[in-house]
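What follows is each chain in one-letter form.
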Amino acid sequence: EAVRAMFLDEAKIVGGIIHLGIATIHDFGEEAGTLFMAMEYVAGLSFRTAMELGMPPAIAARAIAEACRGLHAAHEVRDPAGHLQGVVHRDVSPDNLLLGFDGHVKVIDFGIALVKNRQSPVTEFGTVKGKPPYMSPEQVKNEALDRRSDVFSLGVVLHELLTGQMLFDGDSIYAVARQVEHMEIPPPSRVVGTLPAGLDAVVMAALER
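Residues numbered from 1 in each chain as written. Predicted model: local features only at pLDDT ≥ 70, side-chain atom pairs only at ≥ 80, totals over all residues. Heavy atoms only, no water.

Undergrad: In this structure, what is going on with the packing of helix 5 (residues 148-163) against helix 8 (residues 199-206)? I would like to understand it.
TA: Axis angle and axis distance: for two packed helices, these are the angle between their axes and the distance between the axes, and together they describe the pair. Between helix 5 and helix 8, whose axes approach to 8 Å, the crossing angle comes to 145 degrees. The element helix 5 and its partner helix 8 pack so that their crossing is left-handed. In this structure, helix 5 contributes Val151, Phe152, Gly155, Leu158, His159 and Leu162 to the contact, and helix 8 contributes Leu199, Val202, Val203 and Ala206. Residue composition of the contact of helix 5 with helix 8, grouped by class: eight nonpolar, two polar and no charged. (Axes fitted to C-alpha atoms, helices over the stretch in contact; angles between N-to-C directions. Helix = DSSP H or I, 4+ residues; strand = E, 2+ residues; numbered from the N terminus. Left-handed = near helix turned anticlockwise from the far one by under 90°. Contact = heavy atoms within 4.5 Å. Nonpolar A, V, L, I, M, F, W, Y, C, P; charged D, E, K, R; others polar.)

Structure (structure tokens):
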């Protein structure tokens, strides 16, 4: 039942977001006892694959800017009375960002998104939702979250796109969490050399704890 509720929550959350930067859900429901969700097909690559292939800094910056627009649309979702729903993706990572062959960027997988009035519980005692190397400090500590958590996660992704290597990479979840909280974060240019003006500042602003 918990998985069922999470599935339906994702369909309802994304179904309420109409934006080019979010993969569209065309339909969802139940057929012969099986839940289904029909989503837009995105012909392209995950940011993970693009990072492994190598992405020029200017393209990485543009791709992240497009991801920002999609996530902002999610953060701004309101109920019929106009109240913000407090959507936080909570799982922003190179695997959940797609770069289409047409140049469009799509954010996917809102399965663990934080939002008001979820059917499934947003968290359980002693559990942390998301991928530790891309979590914000408040997320690894299981503290209250808002949209700034997603901004931190995007900052991690951009850092990795620019440097070609993982930013937080420990041999255990605990080690990664400690890095997220306390590690001195090097500007990308310190890792790879000169980058276009402004990129270091953008990354470090996003990664401000």
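Undergrad: Explain unusual backbone geometry to me, please; I cannot follow it from the model alone.
TA: Among all residues except glycine, the phi angle is most often negative; among peptide bonds, the trans geometry is most common. Its identity as a non-glycine residue notwithstanding, Ala32 has a phi of 50 degrees, on the positive side. Take Ala32: it is sitting in the loop between strand 1 (25-31) and strand 2 (34-39).

Undergrad: I keep staring at the layout of surface pockets and nothing clicks. Help me out?
TA: Here the idea is plain: a probe the size of a water molecule rolls over the atoms and shows the empty space left. Put simply, the largest pocket is a space of about 220 Å³. For the lining of the largest pocket, the elements supplying multiple residues, two or more each, are helix 4 (137-140), helix 5 and helix 8. Broken down by element, the residue count for the lining of the largest pocket peaks at three residues, all from helix 5. Classifying every residue of the lining of the largest pocket by side-chain character gives seven nonpolar, no polar and five charged. (1 Å grid on protein atoms, 1.4 Å probe; cavity = no way out; pocket = protein on both sides within 12 Å on 5 of 7 lines; lining within 4 Å. Points joined across faces, edges and corners; volume = space filled by probe spheres on them.)

Undergrad: How should I be thinking about the sheet that holds strand 4 (residues 97-100) in this particular structure?
TA: Paired through backbone hydrogen bonds, the strands of a sheet run either parallel or antiparallel to each other. One open sheet accounts for three strands, arranged 3-4-5; its pairing is antiparallel. The open sheet has two edge strands, strand 3 (44-46) and strand 5 (105-107), and neither has a second partner. Ignoring which end each strand starts from, the neighbouring axes of this sheet average 25 degrees apart. Against the sheet, helix 3 (residues 57-75) touches strand 4 and strand 5, its axis set at about 40 degrees to strand 5. (Pairing = 2+ DSSP bridges.)

Undergrad: I would appreciate a short explanation of the pairing of strand 1 in the present structure.
TA: Residues in a regular strand point their side chains to alternate faces of the sheet. Across six bridges, the pairing between strand 1 and strand 2 is antiparallel. When the bridges of strand 2 are listed, Asp27 appears paired with Ala38. Counting the residues in the hairpin turn of strand 1 and strand 2 gives two residues, including Ala32, whose phi is positive at 50 degrees.

Undergrad: Would you mind going over the environment of Leu84 with me for this structure?
TA: Along the chain, Leu84 falls in the loop between helix 3 and strand 4. Separated by 31 residues in the primary sequence, Leu84 and Val115 place their C-alpha atoms 9.5 Å from one another.

Undergrad: What should I look at first to understand the packing of helix 3 against helix 5 in this one?
TA: Contact geometry of helix 3 with helix 5 gives a least axis separation of 10 Å together with a crossing angle of 165 degrees. It follows from the interaxial angle that helix 3 and helix 5 lie roughly antiparallel. The chirality of how helix 3 crosses helix 5 is right-handed. Residue-level inspection shows Pro57, Ala60, Ala61, Ile64, Ala67, Cys68, Leu71 and His75 of helix 3 in contact with helix 5, the latter providing Asp150, Leu154, Val157, Leu158, Leu161 and Leu162. Here the residues of the contact of helix 3 with helix 5 are counted per class, giving 12 nonpolar, one polar and one charged. (Parallel < 35°, antiparallel > 145°, perpendicular 65-115°, else oblique.)

Undergrad: Got a minute to help me understand helix 1 (residues 2-15) in this structure?
TA: What sets the pattern is the α-helix's 3.6 residues per turn: residues three or four places apart point alike. Here helix 1 spans 20 Å end to end across 14 residues, near enough to the 20 Å set by a 1.5 Å rise per residue. Burial in helix 1 covers these residues: Ala5, Leu8, Asp9, Glu10, Ala11, Ile13 and Val14. (Expected span 1.5 Å × (residues − 1). Buried < 20%, exposed > 50% of the residue type's maximum accessible area, 1.4 Å probe, protein only.)

Undergrad: Would you mind going over the nonpolar core with me for this structure?
TA: Within soluble globular proteins, side chains that are nonpolar generally end up buried alongside one another. Within the largest apolar cluster, 47 residues are counted, with the highest numbers of intra-cluster contacts made by Ile17, Phe47, Leu97, Phe110, Leu161 and Phe168. Look past the residues within four positions of Leu97 in its chain and what remains in contact with it is Leu45, Ser46, Phe47, Ala67, Val92, Lys106, Val107, Leu154 and Val157. (Core = buried A, V, L, I, M, F, W, Y, C linked by side-chain atoms within 4.5 Å.)

Undergrad: Help me understand helix 5, please; the structure alone is not making it clear to me.
TA: Taking 1.5 Å of rise per residue, 16 residues should cover 22 Å, and helix 5 covers 23 Å from first to last C-alpha, within 8% of that figure. The element helix 5 is extensively covered by neighbouring structure, given that 14 of its 16 residues are classed as buried. Downstream of helix 5 by a residue or two, Gly164 has a phi angle that is positive, lying close to 75 degrees.

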